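The residues making up each chain are set out below.
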Amino acid sequence: MIRIIFPLLLSAAALLAGNAAAQAPVEIADDAPDTYTVVRGDTLWDISGRFLKQPWRWPEVWRLNREQIRNPHLIYPGQVIFLDRNGPWLSIGRRLGTQDQKLHPQVYSEPAAQPIPSIPLDVIQPFLVAPLVVDDEDIANSATIIANDGSRVYAGGGDTVFAKDVTADQDSWEVYRKAEALVDPMTKEVLAYQAVHLGSARVTEHGQPATLQLVRALEEIGQGDRMLPSEVPTVFSYAPHAPETEVNGRIVAIHRGVEVTGMHHVVVLGAGEREGLESGHVVALWRNRGSVKYEGETIALPEQRYGLAFVFRVFDRVSYALVMNTDGQVTVGDSIRKP
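All of these numbers come straight from a predicted model, not from anything done at the bench.

Trainee: Run through the packing of aromatic side chains, naming residues and quoting values.
Mentor: Within this structure, the stated rule accounts for 2 aromatic pairs. Judged by centre distance (6.0 Å) and plane angle (65°), the rings of Trp45 and Phe310 are edge-to-face. Taken together, the residues Trp45 in helix H2 (residues 44–51) and Phe310 in strand E22 (residues 304–314) connect sequence positions 265 residues apart. Here the two residues Trp45 and Phe310 agree in accessibility, since each one is buried. Ring centres of Phe315 and Tyr320 lie 6.2 Å apart, and the angle between their planes is 75°; on these two criteria the pair is classed as edge-to-face. Note on Phe315: relative accessible area 5%, which makes it buried. Over the aromatic face of Tyr193 sits the side chain of Lys178, whose NZ or CZ is 4.5 Å from the ring centroid.

Shown next as structure tokens:
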């Protein structure tokens, strides 16, 4: 089924993640300041990276009062972040230019200011509904567009189309086109199929075939394109945390079909719900250095840890993640592990 996930909110429950106590102590960055004033465009990850060597562990060190714990996302431009090196602990001061000590939206002098997100939501926003990942079962259960109402080959927003295998109790549909197989670079196993989200349609008349209107068209839609039922939008909450079990997978694809990428770009991981991954997990990236031949023997070179990625959307056997830190190119075939 298609999972439609609306913009992410920060989870208070995840701030109290149970695996935090089992990890090594949080380390302060070598050049950490004593204070930092939040500016527009910051993220919680970026702010924490100024203070911590492991910025993804910020939920462990923020000192939040009861009001803030209800929504720790409420950190705004102009507020001052204080570092207590004894913990270490991070705490939030009042916004500059206001005399009110309470950290609550209605007391701010600039009500239009937006709170600071945990990661750059503008980067991942398109991926919260697309691209889709479909498996053989999804494809088998899909409806199929067989024609459009007119002489044109392709249809667009507002046009009428006809489709077969549309279930009688479902009015809202998402249109997609299967684009490519996601293949494990080592085993060559097909993990899933990455599909292009083409738009949305609504049934205007049930029957065989059914009549639908294209409510939204991101690309031209034509005969043979598939449809799956839309799900009720889900408000999703998370905060960064490590997987509870070991992870052993690889980067199987990079958005737009390129072979290498960098920070703040989306990658597809060859691990998903089946391997215990969930949205909010942080995974370490390990560079595959290949192998060499020496005196007739092929010797694998040791892998090198070089970055971190934040998992934000998970399917059965694959996941989508945003590269948060890297000291070089991110490449298809590189490994992912528990940080």
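Still more to cover.
Trainee: Can you tell me about the nonpolar core, naming the residues and giving the values?
Mentor: Ranked by internal contacts, the top residues of the largest apolar core, which has 25 residues, are Trp45, Phe312, Val318 and Tyr320. Residues in contact with Phe312, not counting those within four places in the same chain, are Ile124, Phe127, Leu128, Val266, Ser279, Tyr320, Ala321 and Leu322. Of all hydrophobic cores here, the second largest spans 18 residues; its members include Val38, Ile47, Phe51 and Ile116.

Trainee: Go over the pattern of salt bridges with me, naming the residues and quoting the values.
Mentor: Applying the stated criterion across every chain, the model contains 11 salt bridges. Ionic pairing is found between Lys53 and Glu27, a salt bridge with its closest N-O pair at 3.7 Å. Of this pair, Lys53 sits in the loop between H2 and strand E3 (62–63) while Glu27 sits in the loop between helix H1 (12–15) and strand E2 (35–37); the two residues are 26 residues apart in sequence, bridging distant segments of the chain. Taking the relative accessible area as the measure of exposure, Lys53 reaches 43% and is therefore partly exposed. Across the pair Arg177 and Asp225 runs a salt bridge whose closest N-O atoms are separated by 2.8 Å. Here Arg177 is found in strand E10 (residues 172–183), whereas its partner Asp225 is found in the loop between strand E13 (221–222) and strand E14 (226–229), with 48 residues between them in sequence.

Trainee: Give me the lowdown on the environment of Ile251, citing residues and values where you can.
Mentor: Mapped onto the elements of the fold, Ile251 is located in strand E16 (residues 249–254). Accessibility expressed as a relative area gives 0% for Ile251, which makes it buried. Along the chain, Ile251 and Ser319 lie 68 residues apart, while their C-alpha atoms are 9.6 Å from each other. Discounting chain neighbours no more than four positions away, the residues touching Ile251 are Pro185, Val267, Val268, Leu269, Leu285, Tyr306, Val330, Thr331, Val332, Gly333, Asp334 and Ile336.

About the criteria used
Residues numbered from 1 in each chain as written. Predicted model: local features only at pLDDT ≥ 70, side-chain atom pairs only at ≥ 80, totals over all residues. Heavy atoms only, no water. Phe/Tyr/Trp six-rings, centres within 6.5 Å; stacked < 30°, edge-to-face > 60°. Helix = DSSP H or I, 4+ residues; strand = E, 2+ residues; numbered from the N terminus. Buried < 20%, exposed > 50% of the residue type's maximum accessible area, 1.4 Å probe, protein only. Lys NZ or Arg CZ within 6 Å of the ring centre and 35° of its normal. Core = buried A, V, L, I, M, F, W, Y, C linked by side-chain atoms within 4.5 Å. Contact = heavy atoms within 4.5 Å. Salt bridge = Lys/Arg side-chain N within 4 Å of Asp/Glu carboxyl O.

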